[in-house]
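Architecture at a glance
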Amino acid sequence: MVAQMTDYEPGQITVTDTVAAAITDQKNDEIKGASLPGSPLEPNADDCCGMGCTLCVFDIYQQEIEVWRQKCEGLKNGTFDSDNKEDLLDKMVYRSFQLESVSRLSPDTSVYRFTLPKGSCLGLTPGQHLILRGNLNGKSFTRQYTPISELTKAGSFDVMIKLYPSGKMSNYVRSWKEGDKIDWRGPFGSLLYKPNTYTHLLMVACGTGIAPMVQVIQHVLSTAEDETFLRLVYSNKTKEDILMKTMIDSWKSYWNFTVKYVLTQVDKSNFTPHYGDDVQLERINKDLLIKELESQGKQKVLICGTKPFERDIIKFLKQLNYSENNYFKF
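Values in this document were obtained by computation on a predicted structure and should not be read as measured data.

Here we come to the overall build of the protein chain. Of regular secondary structure, the protein chain possesses seven helices and 13 strands. Counting every position in the protein chain, which comprises 330 residues, the buried fraction comes to 45%. For the protein chain, the accessible area works out to roughly 17,200 Å², and carbon and sulfur atoms hold 47% of it.

What follows is the structure in structure tokens.
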């Protein structure tokens, strides 16, 4: 049964000697007749954004090689146990979770819900993400996704995924059916958030970069003693592209949350904003950030979006003399 769609509501890196040796060992074992899984696909050089991510795509690849090597050794030695599930999540061991449902957000973006054991939750902290493993034609590959469900949600977790016409992971996700077991590992993420550390959090996002912001916002608004003021600046091409708008607008009822929608491909002469929406019809620029950051006390800027978007925002912040201690890129 194909998963039914419903509306969702509320410098070049090269392979290391260790990796090369592991792949050589696999080929030797294949020659000997052992049935072993294919080695992970090495990322292309342009898959790296070059911005010093704390978990780069090549870091993930090194981890994938180690996970794969251990599985191969276990299969050869008869010690590999795919049903060993002592921990709900593990950074180096994939856990399989059953796809429960798929809810459409837009023509190319949906929320995928996965079942957890009764009464259990993932146990993430704000801003943490998971690694999804895909497999096509015997080759594995990975992508990083931030769950958008509340951190304390028990029994399931939700992940928002945008599908692209020819992406490897997109093609893999399109093959999913309700009831399928999907492999995840983690959690990862170096954001250290403590209530009231900052007077203001300015969250600057575009497209599916809203995912980690949703996680942080839900956490702050559900923590009674946290009086941090939240300001979301959310960029999309058109108002139809705004993801999770109903949920975002519902947060306006909280005293410490406001949002500005930035739309970059709209005919200004023929545009009428929704009642109560704060909308800017041009790209985020340095002048906008100056207005958002002025006289806001102790603050932190959170950034998530496409690689060019993130580079532009960080460039503007540096021009405003913001150091890496003053902003965080997911």
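A few words on the pattern of salt bridges. Summed over all chains, the structure comprises eleven salt bridges. Residues R231 and D278 are paired through a salt bridge, measuring 3.2 Å at the closest nitrogen-oxygen approach. Of this pair, R231 sits in strand 9 (residues 229–236) while D278 sits in the loop between strand 10 (257–263) and strand 11 (279–280), placing them 47 residues apart in sequence. The exposure class assigned to R231 is buried, which follows from its relative accessible area of 15%. On the basis of relative accessibility, which here comes to 28%, the residue D278 falls in the partly exposed class. Taken together, the shared-partner salt bridges connect R231, K260, D278 and E292 into one network.

It is worth spelling out the packing of helix 6 (residues 286–293) against helix 7 (residues 307–319) at this point. Two numbers describe a pair of packed helices, the interaxial angle and the distance between the axes. In contact at an axis separation of 10 Å, helix 6 and helix 7 are set at 65° when each is read in the N-to-C sense. Both helix 6 and helix 7 take part in a crossing whose hand is right-handed. Residues K286, L289 and L293 of helix 6 pack against I313, F316, L317 and Q319 of helix 7. Taken together, the residues of the contact of helix 6 with helix 7 break down into five nonpolar, one polar and one charged.

One finds M213, I217, L232, Y234, I248 and F257 to be the most contacted residues of the largest nonpolar core, which totals 34 residues. Among all residues touching L232, those that are not within four sequence positions of it are M203, I210, M213, I217, I248, F257, T258, V259 and K260. Counting 24 residues, the second-largest nonpolar core is a separate cluster that includes L99, L122, L151 and W176.

Turning to the environment of K329, a few remarks are in order. Counting through the fold element by element, K329 comes out in strand 13 (residues 327–329). For K329, a relative accessible area of 17% gives the class buried.

A separate point is unusual backbone geometry. The peptide bond linking G186 to P187 adopts the cis configuration, its omega dihedral lying at 5°. Residue position: P187 is located in strand 7 (residues 181–188). A positive phi is found at N137, a non-glycine position, where the angle reads about 55°. Within the secondary structure layout, N137 lies in the loop between strand 4 (129–136) and strand 5 (139–145). In this structure, N196 takes a positive phi of about 65° despite not being glycine. Tracing the backbone shows N196 in the loop between strand 7 and strand 8 (200–206).

Attention now goes to the pairing of strand 12 (residues 299–304). Counting buried positions along strand 12 gives six out of six residues, so the element sits mostly inside the fold. Of the two faces of strand 12, the one holding Q299, V301 and I303 and the one holding K300, L302 and C304 are both buried throughout. Of the pairings in the sheet, the one linking strand 8 to strand 12 comprises six bridges and is parallel in character. Paired with V204 across the bridge in strand 12 is I303. Two strands pair when backbone bridges link them, and strand 12 and strand 13 are joined in this way by three bridges, in the parallel orientation. Bridge assignment links L302 to a residue of strand 13, and that residue is F328.

Moving on: helix 7. Helix length check: helix 7, at 13 residues, gives a terminal C-alpha distance of 18 Å against a target of 18 Å (1.5 Å per residue), a fit within 8%. When we look at burial in helix 7, the residues that qualify are F309, E310, I313, I314, F316 and L317. Looking down the long axis of helix 7, one finds its buried residues gathered within 160° of arc, a one-sided arrangement. Those residues of helix 7 hidden inside the fold are in contact with strand 8, strand 9, helix 6, strand 12 and strand 13. Where helix 7 terminates, the next one or two residues include N321, which has phi positive at roughly 65°.

What counts, and at which threshold
Residues numbered from 1 in each chain as written. Predicted model: local features only at pLDDT ≥ 70, side-chain atom pairs only at ≥ 80, totals over all residues. Heavy atoms only, no water. Helix = DSSP H or I, 4+ residues; strand = E, 2+ residues; numbered from the N terminus. Buried < 20%, exposed > 50% of the residue type's maximum accessible area, 1.4 Å probe, protein only. Areas by Shrake-Rupley, 256 points an atom, 1.4 Å probe, with all protein chains shown as cover. Salt bridge = Lys/Arg side-chain N within 4 Å of Asp/Glu carboxyl O. Axes fitted to C-alpha atoms, helices over the stretch in contact; angles between N-to-C directions. Left-handed = near helix turned anticlockwise from the far one by under 90°. Contact = heavy atoms within 4.5 Å. Nonpolar A, V, L, I, M, F, W, Y, C, P; charged D, E, K, R; others polar. Core = buried A, V, L, I, M, F, W, Y, C linked by side-chain atoms within 4.5 Å. Pairing = 2+ DSSP bridges. Expected span 1.5 Å × (residues − 1). Arc of directions from axis to C-beta.

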